[in-house]
Amino acid sequence: MGDLLLSLYPPDQNTFSAIVERLLGNLGPGMDPNVGGMARTLAEAYAREMATFYAMMELSHRAGYLDTAEGPALDNVVAVLGLKRARAGRLMGEVELSRITPAPDDIGIPAGRQVTGLSADGKPLPLFETMEDATLVKGDTRVIIPVQEVQDEEQSSREAPPAIDPFRVTLMPRPILGIEAVTNPAPLRRGSDNETDENLRARARTALRDGEKGTLESLAAAVQQQGVRQVTVREPADAPPGVVDVLVGDTDFEADVEGVARVEAAIRETKAAGIRVRLRYARTIFFRLSFSVEPTREDLDEVSFGRLRRDLQQALAQYMQEQPVGSAVIRRKLEAVLYGNPAVRRVSNLSVETYVWGLVGTPPTRKDLVLESQSREYGANRDWKMEPLEVGRIDLVRLEPRISRLRTPQWRLDLVVSLSSGEARTPEQVREALRGALGVFAARLSEEAQVGREAFLTWDSLQLALKSQARIQALLGCDVTLETGITVSLVAPSTPAAAIPDQVTQLLVKADVRLEFGGAELVGVG
């Protein structure tokens, strides 16, 4: 009877040999323990059955837990969570999760995180789940994770194509803090193997954490799974408890009849009983931006500037796409998006026109974008105001930003200078010294202009700078070609008014004006 309590022993003492030794020890000293003896034969027969029994008990015990169940037993465990093992034939591949700036710390990405997107015809793609835990390491900007199709009875899953083109998976219904974008860099194709136990366990762990329904986060995730890019779910302050507002911010989403039906069905399935959901659609305000950009490279050709223009347009459209409903558009943040491109040195004359849908024609029968009659600028920073149910967007097809090239105004100075007798420098060395002296002089004028002081180019100040820096004897003449192409002569204040045509005694230098050395005529003395 003592062996009926064998389950109290550690697993390594429930083996066949351990049970045999324990039984023989309990029979007493008068029994024959040798192999072939009656006592040992009976003990071994009993031990074999007990070892098999305990092995089956161990397997049964392990089959009831997520971390230890295997094969069909694991399928039964995860079925409690509504999960099924993904079978051969599902769409599989890799997605890239990324952010613009390097990660400040390690960012954990659990297995089972869902992503989706829109097909070329605007219909939602099937849901995909990450297959394993991953980490965006500190200092990195992107990580590649394997994904597989969530096989269910949804229409999008039943109608899924044999493969999904690159860059179509762009939505993450439950965003991960620190991750800014998702895409599939390569096509997603159908696989030929069933999902492994390890991947199924990882998905189940995430399902345990994310399986709750009725929360604001679950409502937002359910709406985004229907192909909605921008959604805000909140409890309004002007309504009683139990009322939730779902604000869809996608451009003209209200006109998509099928999309609206999908969103309404997803909300009904996800919301808790007794909760009233007010589904609202934001009114889109279309922004047309106009500004000038000075590239960091002065020799940037027009083809390269065209690529820079397209990059800036895409960056602005992406920033506006992420604007929450009712959020004002901040001028400094728009400028920060532009200055975030390393090819941009300066941005000038940023202005905005806003458009809304309206009827045009005579009589008005055709729907088109109409320029708003009143400006939305407000405040000292000249930001743009949005009403609670309005959202700003940039349409790169209808109203792409107008970006022109900002060229730095340049003044070309052609000099006539006299040199001291016995000048030992070659003409090339003298001209190089003049070029350096003019650069130092121009930098000093620019600094004065930048701090708000009036900076003037005068005969006396230029002559003093050239004497001290280039070691000339005197300045005899200075022709200044302005950015307009007009050439004027800079003269001393004591010069008779009619001595030289188009003469000036001073020129106001602004902070963005660049003085360029054109050439110099050298006059020897003695």
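In this text, all values refer to a predicted model and were calculated from it rather than measured experimentally. (Residues numbered from 1 in each chain as written. Predicted model: local features only at pLDDT ≥ 70, side-chain atom pairs only at ≥ 80, totals over all residues. Heavy atoms only, no water.)

Attention now moves to the confidence of the model for the protein. The pLDDT averaged across the protein works out to 84; a share of 93% of its residues lies at or above 70. For the protein, helix α4 (residues 155-158) is the element with the lowest average pLDDT, namely 54, and strand β18 (residues 383-384) is the one with the highest, namely 95. Note on residues 1-6: pLDDT under 50 across the span, and 14 contacts to partners over four residues away in sequence or across chains. (pLDDT = per-residue confidence, 0-100. Helix = DSSP H or I, 4+ residues; strand = E, 2+ residues; numbered from the N terminus. Contact = heavy atoms within 4.5 Å.)

Another aspect to go through is unusual backbone geometry. The phi angle at F167 is positive, at roughly 65°, despite the residue not being glycine. By the secondary structure assignment, F167 is in the loop between β7 (163-164) and β8 (169-171). A positive phi is found at N349, a non-glycine position, where the angle reads about 60°. Residue N349 is classed as exposed on the basis of its relative accessible area, which comes to 60%. (Buried < 20%, exposed > 50% of the residue type's maximum accessible area, 1.4 Å probe, protein only.)

Here three strands make up an open sheet; going across it, the order is β11-β12-β13 and the pairing mixed. Each edge of the open sheet is held by one strand with a lone partner, namely β11 (231-234) and β13 (276-281). Each strand axis lies, on average, 15° off the axis of its neighbour in the sheet, ignoring direction. Across six bridges, strand β12 (residues 243-248) lies against β13 in parallel orientation. Paired with L247 across the strands is R280, a residue of β13. Helix-sheet contacts for helix α6 (residues 216-224) involve β11 and β12, and the interaxial angle to β11 is about 155°. (Pairing = 2+ DSSP bridges. Axes fitted to C-alpha atoms, helices over the stretch in contact; angles between N-to-C directions.)

All chains considered together, the criterion is met by 24 salt bridges. A salt bridge links E96 to R142, with the shortest nitrogen-to-oxygen separation between them at 2.7 Å. Of this pair, E96 sits in strand β1 (residues 91-98) while R142 sits in strand β6 (residues 142-149), and the two are 46 residues apart along the sequence. Assessed through its relative accessible area of 16%, E96 is described here as buried. For E353, the salt bridge is made with R402, and the minimal N-O distance between the two is 3.4 Å. With E353 in strand β15 (residues 344-360) and R402 in strand β20 (residues 402-405), this residue pair connects regions lying 49 residues apart in the sequence. (Salt bridge = Lys/Arg side-chain N within 4 Å of Asp/Glu carboxyl O.)

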